[in-house]
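# Structural features, examined
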Amino acid sequence: MKIRIERGACVGNARCAAISNDLFPLDDDGYIATDGFEVAAGTEKLARNGAKSCPERIIVVVEDDGTTSWPPAARS
Ligand code: SF4
């Protein structure tokens, strides 16, 4: 499972970092500081919750089979 983040669309409200500052680090201006990451075993739930916390829906959950499970109407 992977997380992909449309970083350029981040509005910097830090909801993701409030779920996990380790998975969703912010830069000095409060915007997301990663384009995404491979989700480590045991952190899947945190990663999914972080994705769902983003009101902009720019945190995309990509499953191992390549399908997108979040956001529901994801752009490909
Ligand atoms: S929740 Fe979304 S918009 Fe807010 S800081 Fe995180 S990635 Fe950016």
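What comes next is a walk through the structure. (Residues numbered from 1 in each chain as written. Predicted model: local features only at pLDDT ≥ 70, side-chain atom pairs only at ≥ 80, totals over all residues.)

### Examining the environment of I59
- You can see I59 is positioned in strand β3 (residues 59-62).
- Residue I59 is classed as buried on the basis of its 27 C-beta neighbours within 10 Å.
- In this structure the C-alpha to C-alpha distance between I59 and I5, which are 54 residues apart in sequence, comes to 4.6 Å.
- When near neighbours in sequence (up to four residues on either side) are disregarded, I59 contacts I3, I5, C16, G50, A51 and C54. (Helix = DSSP H or I, 4+ residues; strand = E, 2+ residues; numbered from the N terminus. Buried ≥ 20, exposed ≤ 12 C-beta atoms within 10 Å, placed from the backbone. Contact = placed C-beta atoms within 7 Å.)

### Observations regarding helix α2 (residues 44-53)
- Within the span of α2, buried status applies to A47, G50 and A51. One side of α2 holds all its buried residues, which, seen down the axis, span an arc of 100°.
- Where α2 is buried, its residues meet β1 (2-5), α1 (15-19), β3 and β4 (68-70). (Arc of directions from axis to C-beta.)

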